[in-house]
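# Structural features, examined
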Amino acid sequence: SRSVVVVEDEAFIRLLVAETLTSQGFDVRVASSAVEARGVVAEFDPNVAVLDIELGQGPTGLDLANALRQTAPEIAFVFLTNLPERSEEHTSALQ
């Protein structure tokens, strides 16, 4: 199955990514926060999670990834960020 959850707090980016993936044949669900995403993942069981690293208030995309590794270790992750100066810092936080 080609299933993806897109977790992005900015509505325009969330919609853009979801529509792009849908047009390529992926089954896509969306969430605007880490809390919402955990419910979506529990119901939808995606193969891939596209996560914004900085999700505004609440847990970050990195927090979500670390939590999902415990409950759904088979999910692959793709990370988005608009903060290039912090991308190396975020990468090291995943190791």
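Read on for an overview of the structure. (Residues numbered from 1 in each chain as written. Predicted model: local features only at pLDDT ≥ 70, side-chain atom pairs only at ≥ 80, totals over all residues. Heavy atoms only, no water.)

### Description of the environment of Thr-81
To keep it simple, the criterion reads: Going along the chain from the N terminus, every DSSP run of H or I of four or more residues is numbered as a helix, and every run of E of two or more is numbered as a strand. Each residue's exposure class comes from its accessible area (1.4 Å probe, protein chains only) as a fraction of the maximum for that residue type: buried when under 20%, exposed when over 50%, partly exposed otherwise. Two residues form a contact once any of their heavy atoms are found within 4.5 Å.
Position of Thr-81 relative to the elements: it lies in the loop between β4 (76-80) and α4 (87-93). We classify Thr-81 as partly exposed; its relative accessible area is 33%. Sequence separation between Thr-81 and Ile-53 is 28 residues; the distance between their C-alpha atoms is 5.7 Å. In this structure, Thr-81 is in contact with Asp-52 and Ile-53, ignoring residues within four places of it in sequence.

### What about the packing of aromatic side chains?
The test is simple: Ring pairs shown here join Phe, Tyr and Trp side chains whose ring centres sit within 6.5 Å, with only the six-membered ring taken for Trp; geometry is labelled stacked below 30 degrees between planes, edge-to-face above 60, and tilted in between. Two conditions define a charge located above a ring, namely a distance within 6 Å from the ring centre to NZ of Lys or CZ of Arg, and an angle within 35 degrees of the ring normal.
Summed over all chains, the structure comprises one aromatic pair. Ring geometry for Phe-77 versus Phe-79: centroids 6.1 Å apart, planes at 25 degrees, classification stacked. The partly exposed category is assigned to Phe-77, whose relative accessible area is 22%. The ring centre of Phe-26 lies 4.0 Å from the NZ or CZ of Arg-2, which sits over that ring.

### Focus on the sheet that holds β4
The condition that has to hold: Paired strands are those between which DSSP finds at least two bridges. Between N-to-C directions, angles span 0 to 180 degrees; the directions come from axes that are lines fitted to C-alpha atoms, helices contributing only their stretch in contact.
Overall, parallel pairing links the four strands, which are arranged β2-β1-β3-β4 in an open sheet. Edge strands, defined here as strands with exactly one partner in the open sheet, are β2 (27-31) and β4. Within this sheet the neighbouring strands show an average axis-to-axis angle of 20 degrees, counted without direction. By the bridge criterion, five bridges tie strand β1 (residues 3-7) to β2 in an arrangement that is parallel. Across the sheet, residue Val-7 finds its bridge partner in β2, namely Ala-31. In the packing of helix α1 (residues 11-23) onto the sheet, contacts are made with β1, β2, β3 (48-52) and β4, and the angle to β2 comes to roughly 170 degrees. In the packing of helix α2 (residues 34-44) onto the sheet, contacts are made with β1 and β2, and the angle to β2 comes to roughly 150 degrees.

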